[in-house]
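Survey of secondary and tertiary structure
Spelled out, the chains give:
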2 protein chains.
Amino acid sequence: MGSSLTYISSGCIKTPDGELPLRLKSILEGLNEVIAEHHPDQVAIEQVFVNINPKSTLMLGQARGAAICAAVLKDLTVAEYTALQVKQAVVGNGHAKKEQVQEMVKRLLKLDGSPSEDAADALACAICHAHGGQGLGGISTAGYRMKRGRLV
Amino acid sequence: MGSSLTYISSGCIKTPDGELPLRLKSILEGLNEVIAEHHPDQVAIEQVFVNINPKSTLMLGQARGAAICAAVLKDLTVAEYTALQVKQAVVGNGHAKKEQVQEMVKRLLKLDGSPSEDAADALACAICHAHGGQGLGGISTAGYRMKRGRLV
């Protein structure tokens, strides 16, 4: 991780309709392909606190578990950052709007176009990690606001 | 799966204290060992609806995601059953108490001693599956009561 950032690739894995095990398998296999193609040596993932409803939270947890499994199966270290940390690192303001994050990701990575919202979130998380963010450890949620399940 | 049940093994995987990725990895590796040792061709897992608090639900989802990943990585089919279905299959009463489940597991598998509570739950889920329970699909929670995060 030098002082300049180079964009290599980004994307989203869409899981098929159907039963949970097959959907989790598609996340595993999708990330396996990305890892095999780009040989990352580190992984950063957004830490989320979802509180929409228990079913959605459970589903997100399962998907997140599968994503982290794909990384640890290849012995990659996984760092976690809250949306607050990511926004602080990318925009300089933990309460920045989504559009500001997208715009800064585009500028920092010198992209011609805007990445999709989800891809921008993932790139922002990677930038946060590249900028030297530390692993999350035990984060206190005291004093943060929740909005649509995220710390803001 | 014939008409008689034979007990082979049961147990619990305890994850180490520490960061989430390492804890999920210990679930993956623990189940990999069990699969390598006993060569199951099917997996049954309890479907849970946890509503204690979002953080616990997210954590459970992540652990559950890792467990399912261990199975699908070996191309094992995974069936899901609610506690209601498991109790119905094992005790004949979807609202049976935990002690009744433990007692019936002990009897059905002709065990000398009582398995631990968590192991008994897992064995009951396996018995439910062996008795021909079907995969969960889209379960309706309407009409069921929730108790400590489980359908009862």
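A brief report on the enclosed structure follows. (Residues numbered from 1 in each chain as written. Chains lettered and ligands numbered in written order. Predicted model: local features only at pLDDT ≥ 70, side-chain atom pairs only at ≥ 80, totals over all residues. Heavy atoms only, no water.)

**Structural notes on the overall build of chain A**
In terms of helices and strands, chain A carries 5 helices and 4 strands. The secondary structure elements of chain A, listed N-terminal to C-terminal, are α-β-α-β-α-α-α-β-β. Residues counted as buried form 39% of the 152 residues belonging to chain A. Long-range pairs, those at least 24 residues apart, make up 65% of the contacts in chain A with a sequence separation of at least 6. In the structure as shown, chain A presents an accessible area of about 8500 Å², 50% of it carried by carbon and sulfur atoms. (Helix = DSSP H or I, 4+ residues; strand = E, 2+ residues; numbered from the N terminus. Buried < 20%, exposed > 50% of the residue type's maximum accessible area, 1.4 Å probe, protein only. Contact = heavy atoms within 4.5 Å. Areas by Shrake-Rupley, 256 points an atom, 1.4 Å probe, with all protein chains shown as cover.)

**Digging into the interface of chain A and chain B**
Bring the parts together and some accessible area is lost; that lost area is often taken as the interface size. At the interface, 25 residues of chain A touch 25 residues of chain B. Interface of chain A and chain B: buried area, both sides summed, is about 2300 Å²; carbon and sulfur atoms make up 73% of it. Viewed at the interface, chain B and chain A are joined by 2 salt bridges. At the surface where chain A touches chain B, the tally comes to 6 residue pairs in polar contact (both at pLDDT 80 or more). Among the secondary structure elements, those contributing two or more residues to the side of chain A that touches chain B are helix H1 (20–38), helix H2 (54–73) and strand E2 (77–82) of chain A. Broken down by element, the side of chain A that touches chain B gets its largest block of residues, 13 residues, from H2 of chain A. Each residue belonging to the side of chain A that touches chain B can be placed in one class, and the counts come to 15 nonpolar, 5 polar and 5 charged. (Buried area = accessible area lost by both parts, 1.4 Å probe. Salt bridge = Lys/Arg side-chain N within 4 Å of Asp/Glu carboxyl O. Polar contact = N/O pair within 3.5 Å; in protein donor to acceptor, adjacent residues only side chain to side chain. Nonpolar A, V, L, I, M, F, W, Y, C, P; charged D, E, K, R; others polar.)

**Some details on the relation of the copies chain A and chain B**
Note on the identical chains: chain A maps onto chain B by a rotation of 180 degrees and an axial translation of 0.0 Å, with an RMSD of 0.0 Å. When the rotation and shift are considered jointly, the pair of chain copies conforms to a two-fold rotation axis. Counting the interface residues of chain A, we find that 100% of their copies in chain B are interface residues as well, pointing to one common contact surface. (Least-squares fit on C-alpha atoms with pLDDT ≥ 70 in both.)

**Some remarks on the state of the cysteines**
Residue and element names in this part refer to chain A. In this structure the tally under the stated criterion is 0 disulfides over all chains. Cys12 takes part in no disulfide bond, and the closest cysteine sulfur, belonging to Cys125, lies 14 Å away. Residue Cys12 is classed as partly exposed on the basis of its relative accessible area of 39%. Cysteine Cys125 is unpaired, with the sulfur of Cys128 as its nearest cysteine sulfur at 6.1 Å. (Disulfide = S-S within 2.5 Å.)

All quantities given are derived from atomic positions and should not be read as evidence of function.
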